[in-house]
Amino acid sequence: GAVVSQHPSRVICKSGTSVKIECRSLDFQATTMFWYRQFPKKSLMLMATSNEGSKATYEQGVEKDKFLINHASLTLSTLTVTSAHPEDSSFYICSAKRPPSLNYGYTFGSGTRLTVV
Amino acid sequence: GQQLNQSPQSMFIQEGEDVSMNCTSSSIFNTWLWYKQEPGEGPVLLIALYKAGELTSNGRLTAQFGITRKDSFLNISASIPSDVGIYFCAGPPAAGNKLTFGGGTRVLVKP
């Protein structure tokens, strides 16, 4: 149990376009999900906390108008990179906080490699 | 914000060797988590520690939650080639919900 599916795994888009990344908890409900960004050979950097039914909480320095987060259901959070530019190219990873019945904890998606050309 | 200092940043292993890495924090953590990340994948949980002083094993992996709640170590015994990867410590601080990650330890095979 406690599987998180992230889609797509890879995406290439043109500069100026928007890209949506989905994060789904497949067998549990997640009121809280997190979005991370990871640069090559670096650690995971938290971008925002996604809360079901309310606005996301963004970390300092992360542009909320650039990285739109929607958590409309207990099993789905989406990250939309708007007007993407080459510097937005990165590895994006989501995680979902498990409920008490699954020993809390955090399950991670398999990541999305975004390349903006 | 909270910082996790993880060391070493990288290490080379030879099959059969024991390896060790650790994390220290500037603030108290309620939980220490150790993850492994393969290239192009998300992190996978190896060991979770919930109490100060706790020592937990998972196969050849052993991790401990420091008494001060500000540090943790991970040991890998009798390393094998598939132990190669990046290992991260992480935890939610005492007053928080968000995971903070250490900088990672890149484990490589000795040439």
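Structure first, text after, so check above.
Description of the structure in this document.

Conventions adopted
In this convention, every chain numbers its residues from 1, walking through the sequence in written order. For naming, the first written chain is A and the first written ligand is 1, with later ones following in the order written. Two thresholds apply to this predicted model, a pLDDT of at least 70 for residue-level local features and 80 or more for giving and counting side-chain atom pairs, whereas whole-chain, interface and lining totals are computed over all residues. As a rule here, side-chain values come from all non-hydrogen atoms in the structure, and water together with hydrogens is ignored. For Phe, Tyr and Trp, where Trp contributes only its six-membered ring, two rings pair if their centres lie within 6.5 Å, and the inter-plane angle classes them as stacked under 30 degrees, edge-to-face over 60, or tilted in between. Elements are defined by DSSP. Helices are runs of H or I of four residues or more, strands are runs of E of two residues or more, and each kind is numbered from the N terminus. Only protein chains enter the area calculation, which uses a 1.4 Å probe; residues under 20% of their type maximum are buried, those over 50% are exposed, and those in between are partly exposed. The criterion is simple. A nonpolar core is a set of buried Ala, Val, Leu, Ile, Met, Phe, Trp, Tyr and Cys residues joined through side-chain atoms within 4.5 Å. Here a residue-residue contact requires only that any non-hydrogen atoms of the pair lie within 4.5 Å. Only a pair of cysteine sulfur atoms within 2.5 Å qualifies as a disulfide here.

1. Focus: the packing of aromatic side chains
No. 1: Overall, the coordinates contain 9 aromatic pairs over all chains when judged by the stated rule.
No. 2: Each ring, one from Tyr36(A) and one from Phe108(A), has its centre 5.7 Å from the other, and the planes form 45°; the classification is tilted. One end of the pair, Tyr36(A), is in strand β4 (residues 32–38); the other, Phe108(A), is in strand β10 (residues 106–108), with 72 residues separating them in the sequence. In this structure, Tyr36(A) and Phe108(A) share a single accessibility class: buried.
No. 3: Between Phe29(B) and Trp32(B), the ring centres sit 5.0 Å apart and the planes meet at 25°, which makes this aromatic pair stacked.
No. 4: A residue is classified by how much of its surface remains accessible, and Trp32(B), at 0% relative accessible area, is buried.
No. 5: Grouping aromatic residues by their ring pairs yields a cluster made of Tyr36(A), Phe108(A), Tyr35(B), Phe88(B) and Phe101(B).

2. Examining the nonpolar core
No. 1: With 25 residues, the main nonpolar core has Trp35(A), Phe67(A), Leu79(A), Tyr92(A) and Leu114(A) as its most contacted residues.
No. 2: Excluding residues that lie within four positions of it along the chain, Tyr92(A) makes contacts with Gln6(A), Ile21(A), Tyr36(A), Arg37(A), Met47(A), Phe67(A), Leu79(A), Gly111(A), Thr112(A) and Leu114(A).
No. 3: Listed in part, the 20 residues of the second largest apolar core include Leu4(B), Leu61(B), Leu74(B) and Ile76(B).

3. A closer look at the environment of Leu49(B)
No. 1: With respect to the helices, strands and loops of the structure, Leu49(B) is situated in strand β5 (residues 44–49).
No. 2: Other than its neighbours up to four places away in sequence, Leu49(B) contacts Asn30(B), Thr31(B), Trp32(B), Trp34(B), Glu54(B), Thr56(B), Ala63(B), Gln64(B), Phe65(B) and Ser72(B).

4. Quick look at the state of the cysteines
All names here are of chain A.
No. 1: The final tally for this structure, using the stated rule, is 2 disulfides over all chains.
No. 2: The residue that forms a disulfide with cysteine 23 is cysteine 94, at a sulfur-sulfur distance of 2.0 Å. Linking cysteine 23 and cysteine 94, the disulfide has an S-S dihedral of approximately 80° and is accordingly described as right-handed. With a gap of 71 residues between them, cysteine 23 in strand β3 (residues 19–25) and cysteine 94 in strand β9 (residues 90–97) connect regions that are remote in the sequence. Per residue, the accessibility class of cysteine 23 equals that of cysteine 94, and both read buried.

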